[in-house]
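What follows is each chain in one-letter form.
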Amino acid sequence: AQTVTQSQPEMSVQEAETVTLSCTYDTSESDYYLFWYKQPPSRQMILVIRQEAYKQQNATENRFSVNFQKAAKSFSLKISDSQLGDAAMYFCAYAGGTSYGKLTFGQGTILTVHP
Amino acid sequence: NAGVTQTPKFQVLKTGQSMTLQCAQDMNHNSMYWYRQDPGMGLRLIYYSASEGTTDKGEVPNGYNVSRLNKREFSLRLESAAPSQTSVYFCASSPSVGGRGYTFGSGTRLTVV
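A brief look at the structure comes next. Remember, predicted model here, so these are calculated numbers, not experimental data. (Residues numbered from 1 in each chain as written. Chains lettered and ligands numbered in written order. Predicted model: local features only at pLDDT ≥ 70, side-chain atom pairs only at ≥ 80, totals over all residues. Heavy atoms only, no water.)

## Considering the overall build of chain A
Put simply, the rule reads: To qualify as a helix, a DSSP run of H or I must reach at least 4 residues; to qualify as a strand, a run of E must reach at least 2; elements of each kind are numbered from the N terminus. For this measure, only C-alpha atoms enter the radius of gyration; the expected value for a globule follows 2.2 Å times N^0.38, where N is the number of residues.
The number of helices and strands found in chain A is zero helices and 12 strands. Listed by position from the N terminus, the elements making up chain A come as β-β-β-β-β-β-β-β-β-β-β-β. Relative to a compact globule of 115 residues, whose C-alpha radius of gyration would be 13 Å, chain A shows 14 Å and is just as compact. C-alpha extents for chain A along the principal axes are approximately 45 × 25 × 20 Å.

Listed below in structure tokens is the structure:
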């Protein structure tokens with residue numbers, strides 16, 4: 001079974017600074033997708049960024065980028081120029097292989113942004 | 001607004017009571033899912049429906065049943081609620097079993113006393 005691990009329960013960053021959230025996963029599949037979701041206090045699950053495993057190029061969405069290391073099974077999220085609105089719970093998630101279509105989530109990282 | 005609609009948003013049940021959580025999507029997605037979110041454990045899959053007419057167990061199915069009523073609707077039923085089922089429940093949908101286009105509902109906070 002696939003597993004996703006987020007080893008940082010909490011992280012904090014100063015406004016305008018850069019922060020990196022860590023995620024590792026375990027799978028025997030070669031074809032899969034990885035995601036970062038943001039969950040603000042409203043509870044809504046918001047897709048931040050998505051990476052397809054067969055693409056070597058790291059995904060980027062404005063201030064959000066990932067460092068995808070397929071061999072190491074690592075998928076970290078970098079938030080540049082952090083803003084107060086970035087404060088939220090962030091989840092790393094995996095979909096692929098025999099579990100295709102079903103998301104496996106990490107435990108989550110609470111990000112605090114200090115003004 | 002297009003998306004996934006869950007009802008109710010909040011619910012308090014007594015132990016042993018039953019209830020059904022409703023979920024509907026208007027994006028013509030084939031696949032639908034029910035997750036529960038507990039502190040420190042992320043979201044865990046309860047049941048899913050890859051397409052209309054099919055349902056399968058996820059990681060934590062015990063104590064739950066589901067019905068894929070039609071392509072739009074996927075309900076989750078608790079037959080005899082237990083305090084361990086206190087959680088936040090999310091419904092989600094995707095165009096098909098695949099890695100794109102997951103859309104989540106806004107969640108239901110359920111408390112079982």
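## Overview of the nonpolar core
Heads up, the condition is: By nonpolar core is meant a set of buried Ala, Val, Leu, Ile, Met, Phe, Trp, Tyr and Cys residues that side-chain atoms within 4.5 Å join together. Think of it in three bands: with a 1.4 Å probe and only protein chains considered, a residue is buried below 20% of the maximum accessible area for its type, exposed above 50%, and partly exposed in between.
In this structure, Tyr25(A), Trp36(A), Phe75(A), Leu77(A) and Tyr90(A) are the most contacted members of the largest nonpolar core, which totals 25 residues. Counting only elements with at least two residues in this core, the list comes to strand E3 (19–21), strand E5 (32–39), strand E6 (46–52), strand E8 (64–69), strand E9 (74–79), strand E10 (88–96) and strand E12 (109–114) of chain A. The dominant element in this core, judged by the number of residues it contributes, is E10(A), at four residues. Grouped together as the second largest cluster of nonpolar side chains are 20 residues, Cys23(B), Tyr47(B), Tyr64(B) and Leu110(B) included.

## Details of the packing of aromatic side chains
What counts, and what does not: Classification of ring pairs uses Phe, Tyr and Trp, with its six-membered ring standing for Trp, and accepts pairs whose centres are within 6.5 Å; under 30 degrees between planes counts as stacked, over 60 as edge-to-face, and the remaining range as tilted. Comment: the charge-over-ring label is applied if NZ (Lys) or CZ (Arg) is within 6 Å of the ring centre and within 35 degrees of the ring normal.
Taken as a whole and judged by the stated rule, the model has 17 aromatic pairs over all chains. Aromatic side chains Phe68(A) and Phe75(A) sit 6.3 Å apart centroid to centroid with 80° between the ring planes, which places their arrangement in the edge-to-face category. Of the two residues examined, Phe68(A) and Phe75(A), each falls in the buried class. Geometrically, the ring pair formed by Tyr33(B) and Tyr102(B) is tilted, given 5.9 Å between the ring centres and 55° between the ring planes. One end of the pair, Tyr33(B), is in strand E4 (residues 31–38); the other, Tyr102(B), is in the loop between strand E9 (87–94) and strand E10 (103–104), with 69 residues separating them in the sequence. One aromatic cluster is present, formed by Phe35(A), Tyr37(A), Phe91(A), Phe105(A), Tyr33(B), Tyr35(B), Phe90(B), Tyr102(B) and Phe104(B) through successive ring pairs. Just above the ring of Phe10(B) sits the side chain of Arg43(A); from NZ or CZ to the centre is 5.2 Å.

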